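# An overview of the molecular structure
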Amino acid sequence: MRASDRAYTALREDIIEWRLRPGTVLAEVEQSERLGVSRTPVREALGRLTAEGLTTAAGGRGVVVTDISLESIDELFELRETLEVRAAALAAERGDPGIFKDLQAELDRAPGLLRESDPARHDYYALVGRLDDAIDAAVANTYLAQAMRSLRVHLVRIRRLAVDDSARLAAAAAEHAAIAEAIAAGNPRLAEAATTVHLHRSLTHVKAAHPAQ
């Protein structure tokens, strides 16, 4: 992996996981020393992160990690609904029912993944990620999949911002299972409806958990 790719991957992960919090100044010298690379790869990595909206130029302060406001959450979910509802319908029309039946069965068992021994919920989120990947593959639309991947970077940050509520995660797993079931049944309208319900409940939870501005 190139030095710029290593720097980008490390910085991106730190931002998504809130190890680098909104407003943090990302000075080239400091980050190059921390990551063990020269300043040029760090500069290239910061350029990529700014293009993704994870960092922004802040005048004389240099590059800083972008904030997440209630307004930006609303805007992201408007885009999310546009993309994900359409993707679910297309997946129902084009997808392999067997793949989504298997995912539905796993999602039905997902509450068992919400263990105290895994506070970061890695197994749970990996399963949700496989549903996302299966939908992307079923849609078979490069542009739509790319747009959704770009959006998910910001959604992960929002997810980390919300209170980690096991009851909500279990409910979300049931909602994901309903989406998988609708896609497996080849029912686009039902897939759209299940996705809309999930997004509405997710947004309600995130906004309730977000600190007051």
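Nothing here was measured: the structure is a model prediction, and the numbers come from that model. For every chain, the first residue of the written sequence is number 1, and numbering continues from 1 onward in sequence order. Thresholds applied to this predicted model are a pLDDT of at least 70 for local features of residues and 80 or more for the giving and counting of side-chain atom pairs; totals over whole chains, interfaces and linings are not thresholded and use all residues. Where side-chain values are given, they derive from all heavy atoms of the structure, hydrogens and water being excluded.

## Some remarks on the confidence of the model for the protein
Detailed reading of predicted coordinates is not advised where the pLDDT is low. Short version of the rule: Per-residue confidence from the predictor is given as pLDDT, running between 0 and 100. The helix and strand labels rest on DSSP assignments: H or I over at least four residues marks a helix, E over at least two residues marks a strand, and numbering proceeds from the N terminus.
For the protein, the mean per-residue pLDDT works out to 90, and 94% of the residues sit at or above 70. Helix H7 (residues 142-161) is the least confidently modelled element of the protein, averaging 87 in pLDDT, while helix H5 (residues 97-108) averages 97, the highest of any element.

## Some thoughts on unusual backbone geometry
What you tend to see is this: most non-glycine residues have negative phi, and most peptide bonds are trans. Quick reminder of the rule: Exposed residues in this analysis have more than 50% of their type's maximum accessible area, buried residues have under 20%, and partly exposed residues fall in between, with area computed by a 1.4 Å probe over protein chains only.
For Trp18, which is not glycine, the phi torsion reads 65 degrees and is therefore positive. On the secondary structure map, Trp18 appears in the loop between helix H1 (3-16) and helix H2 (28-35). Despite not being glycine, Ala140 has its phi angle at roughly 55 degrees, a positive value. Take Ala140: it is sitting in the loop between helix H6 (122-139) and H7. For Ala140, a relative accessible area of 64% gives the class exposed.

## Some thoughts on the environment of Ile16
Spelled out, the test is: In this analysis, two residues are considered to be in contact whenever any of their non-hydrogen atoms come within 4.5 Å of each other.
Structurally, the position occupied by Ile16 is in helix H1. C-alpha of Ile16 to C-alpha of Asp102: the two residues are 86 residues apart in sequence and 29 Å apart in space. Beyond its immediate chain neighbours, meaning those up to four positions away, Ile16 contacts Val153, Val156, Arg157 and Arg160.

## Digging into the packing of H2 against helix H3 (residues 39-52)
Worth spelling out the cut-off: All axes here are fitted lines through C-alpha atoms, helices being fitted over the stretch that makes contact, and every angle between N-to-C directions spans 0 to 180 degrees. In this scheme, roughly parallel covers angles under 35 degrees and roughly antiparallel covers those over 145, while 65 to 115 is roughly perpendicular and the rest are oblique. For this scheme, ten residues count as nonpolar: Ala, Val, Leu, Ile, Met, Phe, Trp, Tyr, Cys and Pro. Four count as charged, namely Asp, Glu, Lys and Arg, and the remainder, Gly too, count as polar.
Relative orientation of the contacting elements H2 and H3 amounts to 110 degrees, with a least axis distance of 9 Å. Classified by the interaxial angle, the pair formed by H2 and H3 is roughly perpendicular. Here Glu28, Val29, Gln31 and Ser32 of H2 lie close against H3, whose contacting residues are Arg39, Val42, Arg43 and Leu46. Classifying every residue of the contact of H2 with H3 gives three nonpolar, two polar and three charged.

## A few points about a negative patch on the surface
Note the following rule: Patch rule: a residue counts if its relative accessible area is over 30% and it has no salt bridge; like charges are joined within 9 Å, and nonpolar side chains (Val, Leu, Ile, Met, Phe, Trp, Tyr) within 5 Å. For accessible areas, the Shrake-Rupley method is used with a probe of radius 1.4 Å. Any residue's cover is judged against the shown protein chains and nothing else. Only one rule defines a salt bridge in this text: a Lys or Arg side-chain nitrogen within 4 Å of an Asp or Glu carboxyl oxygen. Charge convention: Lys and Arg are scored as positive, Asp and Glu as negative, and His as well as the terminal groups of each chain are ignored. Taken as the charge location is NZ of Lys, CZ of Arg, CG of Asp or CD of Glu.
Together, Glu71, Glu75, Glu78 and Glu81 line one region of the surface with negative charge. As for its position among the elements, Glu71 is in helix H4 (residues 70-94). What makes Glu71 exposed here is its relative accessible area of 56%.

## Brief notes about the side chain of Arg80
Here Arg80 is to be found in helix H4. Ignoring sequence-local partners within four residues, the contact set of Arg80 consists of Val85, Leu151, Leu155, His198, Leu199 and Ser202.

## Considering the pattern of salt bridges
Under the counting rule described, the total for this entry stands at 14 salt bridges. Residues Glu28 and Arg43 are paired through a salt bridge, measuring 3.1 Å at the closest nitrogen-oxygen approach. In this pair, Glu28 is assigned in helix H2 and Arg43 in helix H3, connecting sequence segments 15 residues apart. For Asp132, the salt bridge goes to Arg152, with nearest N and O atoms at 3.7 Å. Here Arg152 lies in helix H7 and Asp132 lies in helix H6, a separation of 20 residues in the sequence. The exposure class of Arg152 is buried, given its relative accessible area of 15%. Salt bridges here are not isolated pairs; linked through shared partners, they connect Arg2, Asp5 and Arg48.

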